[in-house]
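These are the residues of each chain, in order.
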Amino acid sequence: MRLLSVISLLILVGCSNSVEPLENIQTTVYFSLAETSDVEFYLENTYNTKVFSVSTKLPAGTHSIDLPVDDLVEGIYFYTLVVKGVDGNNYQITKKVYFRNA
Amino acid sequence: MVNSTISIFEKELMNNVLFDTNLLIFKACRGKLKFIFMVVLLFSLVLKSNSHSQSNNIFVGANIGVYAYNSENNNSVTEESYAFSDLVLIYGANIGLLENKLLPNELIVELQWKQSKPFEKMEIETTTLTSGGKTNEFDLSLTTFSLNLAYELDLGSSMNIAVGPTLAMFLRTISSENTEWWDFEDRLNSFGLGANIYFYIKSSNYLIGLKSIYTHSLIYDNEHRDLSNYSQDFLSVELFVNYCFEF
């Protein structure tokens, strides 16, 4: 059992890929609201995991969200903005983003 | 209206938590691994106690098929990319042994490589402060190396049926090559266990049939990535054609 585990870990480490943590990068997402709205914003990696999310009520105007990329590694991410309109419907936009070190 | 911008500021590196996380995952999987290993061991011991006198064969061949179930299809972000939203073609090669001498029935011991390629590429338009929007294309692919053991069942049918365990290693790769800016590769390695079933016909020189393999990944080389809501389960259905060398 121990041998099997050691062998599998050695294989995994031997084939490991060096995905580097992000450093010296700041990313800000800007968006505008026509009226006061409930807003949900989240960032997902390609492994179906939300790595950052925030929900808040915001007034009309331009707003920005600083993404905490210092906790992430290089790679592809998807950010989604969900706005609850005054008509009760949710309006959603998703964008792909690629973070890499300079 | 959503826009993103990137600028630079000083920030510390995050700590490396790779080994701690792997150990935690390994501890969680220890019970399952122990059970499956005991089943494989018992399987081997039972088979070794019998023998009969037919010839053995080494076989080499190719396989082609699809993932009948692919957990990436449940992954909202990869589904959104359309990279894994449909049945994915898989192809590969295998080499193995058809053991007839030691056991009452045939035992298949097979090493297999298989590769999947999506039909569509993931496109990302990147915007930075220093340059305008550019579109990069990314491939999302799965490579599998597996050891398949299958023992023939006594069912009295004209087609041989064999079942057994599978040990597999997966390389899930997102890559971008020959772009104007840079090459990129994000590869997740994992190790899994599962089961297989073979339906096959053996002639003097050929071993032809259909096999289905289910695997579940247990250990991930997460390398800083957050995999807290991620798992891998694959069910493949493959047609194989092998040429046999008798010895």
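Here, the structure is the one placed above.
A short tour of the structure in this document, coming up. Computed from a predicted structure; not experimentally measured.

1. What to know about the packing of aromatic side chains
Link 1 in the chain: For the structure on display, the rule yields eleven aromatic pairs over all chains.
Link 2 in the chain: Ring geometry for A:Tyr47 against B:Tyr230: centres 5.3 Å apart, planes inclined by 80°, an arrangement best described as edge-to-face. In this pair, A:Tyr47 sits in the loop between strand E2 (37–45) and strand E3 (50–58) while B:Tyr230 sits in the loop between strand E9 (206–221) and strand E10 (233–246), so the two residues belong to two different chains. When sorted by exposure, A:Tyr47 lands in the same class as B:Tyr230, which is buried.
Link 3 in the chain: Chaining the aromatic ring pairs together yields one cluster made of A:Phe41, A:Phe52 and A:Tyr79.
Link 4 in the chain: Of note, A:Lys50 hangs over the ring of A:Tyr42, and the distance from its end group to the ring centre comes to 4.1 Å.

2. A closer look at the sheet that holds E2(A)
Residues and elements named next belong to chain A.
Link 1 in the chain: Here four strands make up an open sheet; going across it, the order is E3-E2-E5-E6 and the pairing antiparallel. Looking along the sheet, the strands with just one partner apiece sit at the ends: E3 and strand E6 (90–99). Geometrically, the sheet is characterised by an average inter-axis angle of 15° between neighbouring strands, direction not taken into account.
Link 2 in the chain: Where E2 meets strand E5 (residues 75–84), eight bridges bridge the pair, whose relative direction is antiparallel. Paired with Glu40 across the bridge in E5 is Val82.

3. Structural notes on the pairing of strand E3 (residues 89–99) of chain B
Residue and element names in this part refer to chain B.
Link 1 in the chain: Relative to E3, strand E2 (residues 57–70) runs antiparallel, the two sharing ten bridges. Considered in E3, the bridge of Gly61 is made with Asn94.
Link 2 in the chain: Here ten bridges tie E3 to strand E4 (residues 107–116), and the two strands are oriented antiparallel to one another. The residue bridging Ala93 from the neighbouring strand is Trp113, located in E4.

4. A look at the side chain of A:Asn45
Link 1 in the chain: With respect to the element layout, A:Asn45 can be found in strand E2.
Link 2 in the chain: From its side chain, A:Asn45 meets the backbone nitrogen of A:Asn48 in a polar contact 3.5 Å long.
Link 3 in the chain: Among the polar contacts made by the side chain of A:Asn45, one reaches the main-chain carbonyl oxygen of B:Asp226 at a distance of 2.8 Å.

5. Some details on empty space enclosed by the protein
Take a probe with the size of a water molecule and roll it over the atoms, and the empty space left behind shows itself.
Residues and elements named next belong to chain B.
Link 1 in the chain: One pass over the full model with this rule turns up one cavity of 30 Å³ or more.
Link 2 in the chain: One number sums up the size of the largest cavity: a volume of about 60 Å³.
Link 3 in the chain: If you trace the largest cavity, you find it lined by Tyr67, Lys114, Thr144, Ser146, Thr166, Ala168, Phe170, Ile213, Thr215, Phe234, Leu235 and Ser236.
Link 4 in the chain: Elements that contribute at least two residues to the lining of the largest cavity include exactly strand E6 (134–152), strand E7 (160–176), E9 and E10.
Link 5 in the chain: Grouping the constituent residues of the lining of the largest cavity by class yields six nonpolar, five polar and one charged.

6. Observations concerning the environment of B:Leu103
Residues and elements named next belong to chain B.
Link 1 in the chain: On the secondary structure map, Leu103 appears in the loop between E3 and E4.
Link 2 in the chain: On the basis of relative accessible area, Leu103 is assigned to the buried category, the value being 3%.
Link 3 in the chain: Distance from Leu103 to Glu152, taken between C-alpha atoms, is 9.9 Å for residues 49 residues apart in sequence.

7. Observations concerning the side chain of B:Asn189
Residues and elements named next belong to chain B.
Link 1 in the chain: With respect to the helices and strands, the residue Asn189 is situated in strand E8 (residues 184–202).
Link 2 in the chain: Its relative accessible area of 0% is what places Asn189 among the buried residues.
Link 3 in the chain: A distance of 3.3 Å separates the side chain of Asn189 from the side chain of Arg187, its partner in a polar contact.

8. A few points about the pattern of salt bridges
Residues and elements named next belong to chain B.
Link 1 in the chain: Here the structure, examined in full by the defined rule, presents five salt bridges over all chains.
Link 2 in the chain: Note that Arg172 and Glu72 form a salt bridge whose closest N and O atoms lie 2.9 Å from each other. Here Arg172, found in strand E7, pairs with Glu72, found in the loop between E2 and helix H2 (76–80); they are 100 residues apart in sequence, far enough to count as distant. Of the two residues, Arg172 and Glu72, neither departs from the other in class, the shared state being buried.

9. Examining the pairing of E9(B)
Residue and element names in this part refer to chain B.
Link 1 in the chain: Direction of pairing for E8 relative to E9: antiparallel, over a ladder of 14 bridges. Within E9, the position partnered with Leu193 by the bridge is His216.
Link 2 in the chain: Connecting the antiparallel pair E8 and E9 is a turn made up of three residues.
Link 3 in the chain: Relative to E10, E9 runs antiparallel, the two sharing eleven bridges. Across the sheet, Ser212 pairs through a bridge with Val237, a residue of E10.

Conventions used here
- Residues numbered from 1 in each chain as written.
- Chains lettered and ligands numbered in written order.
- Predicted model: local features only at pLDDT ≥ 70, side-chain atom pairs only at ≥ 80, totals over all residues.
- Heavy atoms only, no water.
- Phe/Tyr/Trp six-rings, centres within 6.5 Å; stacked < 30°, edge-to-face > 60°.
- Helix = DSSP H or I, 4+ residues; strand = E, 2+ residues; numbered from the N terminus.
- Buried < 20%, exposed > 50% of the residue type's maximum accessible area, 1.4 Å probe, protein only.
- Lys NZ or Arg CZ within 6 Å of the ring centre and 35° of its normal.
- Pairing = 2+ DSSP bridges.
- Axes fitted to C-alpha atoms, helices over the stretch in contact; angles between N-to-C directions.
- Polar contact = N/O pair within 3.5 Å; in protein donor to acceptor, adjacent residues only side chain to side chain.
- 1 Å grid on protein atoms, 1.4 Å probe; cavity = no way out; pocket = protein on both sides within 12 Å on 5 of 7 lines; lining within 4 Å.
- Points joined across faces, edges and corners; volume = space filled by probe spheres on them.
- Nonpolar A, V, L, I, M, F, W, Y, C, P; charged D, E, K, R; others polar.
- Salt bridge = Lys/Arg side-chain N within 4 Å of Asp/Glu carboxyl O.

Bear in mind that shape data such as this cannot, by itself, settle questions of function.
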